[in-house]
Amino acid sequence: MSLHWTLIAGFLYAEIGLLLLLLVPFISTRMWNKVFKSRFLRGLESQLIYYFYVLVAILILFFLDAIREMQKYSSEEQQQKTADHPSHLDAQMQMNMRLFRAQRNFYIAGFALFLFLVIKKLVSLISANAGLQVAKEAAIKQAESASRAAESLMTTPSVDESTDTADIKDLTEALEKAKKEAVTAKKDVASMKSQSESLAKEFDRLMEEKDQLERKVNIMGDGDKKDD
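About the thresholds
Residues numbered from 1 in each chain as written. Predicted model: local features only at pLDDT ≥ 70, side-chain atom pairs only at ≥ 80, totals over all residues. Heavy atoms only, no water. Helix = DSSP H or I, 4+ residues; strand = E, 2+ residues; numbered from the N terminus. Buried < 20%, exposed > 50% of the residue type's maximum accessible area, 1.4 Å probe, protein only. Contact = heavy atoms within 4.5 Å. Areas by Shrake-Rupley, 256 points an atom, 1.4 Å probe, with all protein chains shown as cover. Core = buried A, V, L, I, M, F, W, Y, C linked by side-chain atoms within 4.5 Å. Expected span 1.5 Å × (residues − 1). Arc of directions from axis to C-beta. Salt bridge = Lys/Arg side-chain N within 4 Å of Asp/Glu carboxyl O. Patch = residues over 30% accessible without salt bridge, like charges linked within 9 Å, V, L, I, M, F, W, Y side chains within 5 Å. Phe/Tyr/Trp six-rings, centres within 6.5 Å; stacked < 30°, edge-to-face > 60°.

A. Just the overall build of the protein, in detail. Across its full length, the protein carries five helices and zero strands. Secondary structure elements of the protein, listed N to C terminal, follow the sequence α-α-α-α-α. Expressed as a percentage of the 228 residues in the protein, the buried residues total 15%. Partitioning the contacts of the protein with sequence separation of at least 6, the portion at a separation of at least 24 is 84%. For the protein, the accessible surface area stands at approximately 18000 Å², while carbon and sulfur atoms represent 64% of it.

B. Quick look at the nonpolar core. I8, L22 and L59 are the most contacted members of the largest nonpolar core, which totals 20 residues. When residues of this core are traced back to their parent elements, those giving at least two are α1 (3-22), α4 (45-82) and α5 (89-227). At nine residues, α5 tops the list of elements feeding residues into this core. M70, Y73, M95 and A102 belong to the second-largest nonpolar core, a separate cluster that totals five residues.

C. Summary view of α1. The terminal C-alpha atoms of α1 lie 28 Å apart, and with 20 residues this matches the ideal 28 Å at 1.5 Å per residue to within 8%. Three or more residues of α1 are buried, namely W5, I8, A9, L12, E15, L19 and L22. Taken down its axis, α1 places every buried residue within 145 degrees of arc, on the same side. When the buried face of α1 is taken as reference, the exposed residues oriented beyond 90 degrees from it are L3, L7, Y13 and L20.

D. Summary view of the pattern of salt bridges. Applying the stated rule across the entire model yields one salt bridge. Note that R68 is salt-bridged to D65, the shortest N-O span being 2.8 Å. Note that R68 and D65 are positioned in helix α4 at a spacing of three residues, about one turn of the helix. On the basis of relative accessibility, which here comes to 45%, the residue R68 falls in the partly exposed class.

E. Representation of a nonpolar patch on the surface. Among the surface-exposed residues, L48, I49, Y50, Y51 and Y53 lie close enough to one another that they form a single nonpolar patch of about 560 Å² accessible area. One can find Y51 in helix α4. With relative accessibility at 47%, the residue Y51 sits in the partly exposed group.

F. Inspection of the packing of aromatic side chains at higher detail. Under the defined criterion, the tally for this structure stands at six aromatic pairs. Judged by centre distance (5.3 Å) and plane angle (70 degrees), the rings of W5 and F62 are edge-to-face. Residue W5 is found in helix α1, and its partner F62 is found in helix α4; the two are separated by 57 residues along the sequence. A residue is classified by how much of its surface remains accessible, and W5, at 4% relative accessible area, is buried. Ring geometry for F11 and F116: centres 5.7 Å apart, planes at 50 degrees, overall tilted. Taken together, the residues span a long stretch of sequence, with F11 in helix α1 and F116 in helix α5 at a distance of 105 residues. A residue is classified by how much of its surface remains accessible, and F11, at 26% relative accessible area, is partly exposed. In textbook terms, an aromatic cluster arises when at least three aromatic residues are bridged by ring pairs, as seen for F11, F52, Y53 and F116.

See the structure below:
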């Protein structure tokens, strides 16, 4: 294996180890988020995106080169099979070995590119999950504080409500008392009115009797004067 393919194979093995480490269940997403948000990675955050695209471009180039070599040796193998005079056994073994290496490089480059994209997506999902957990905890705390505030508001108006009920009861009693006093006053006014009417009638009757007596006295006085 040449040097560059050895490096790509080592990069593939490192990706497999990192992927297994990211999938370890006892390491929480919050811990990974702290690692991703560390000062060292924050300092390289602006440059990591360029490294990512550079590595993707390199892996794509090696992947395409492996496809080219695989097609090249496959076509040569087909030509040897269709030739009138079959090649020597050593030449066939050399051709098969080159085709095998091209296929091996194809899988190494393909899996390295695939796992690199998977790790990038997994890191973004872990960071998003950690952010959602923090937001969920903040929302739960806010909901708990809101529920406590609502409970305190519900208990405070209960005292005011009892006070208002007592006030309403007192006002109702005062209103009933005022109604009864108004009815009594109306009855008193009606009785006084009837008494005043009867007194007026009695006064008129007495005035008529007085007038009659005065007329009688006058008539009697005139009769006495005539007798004299």
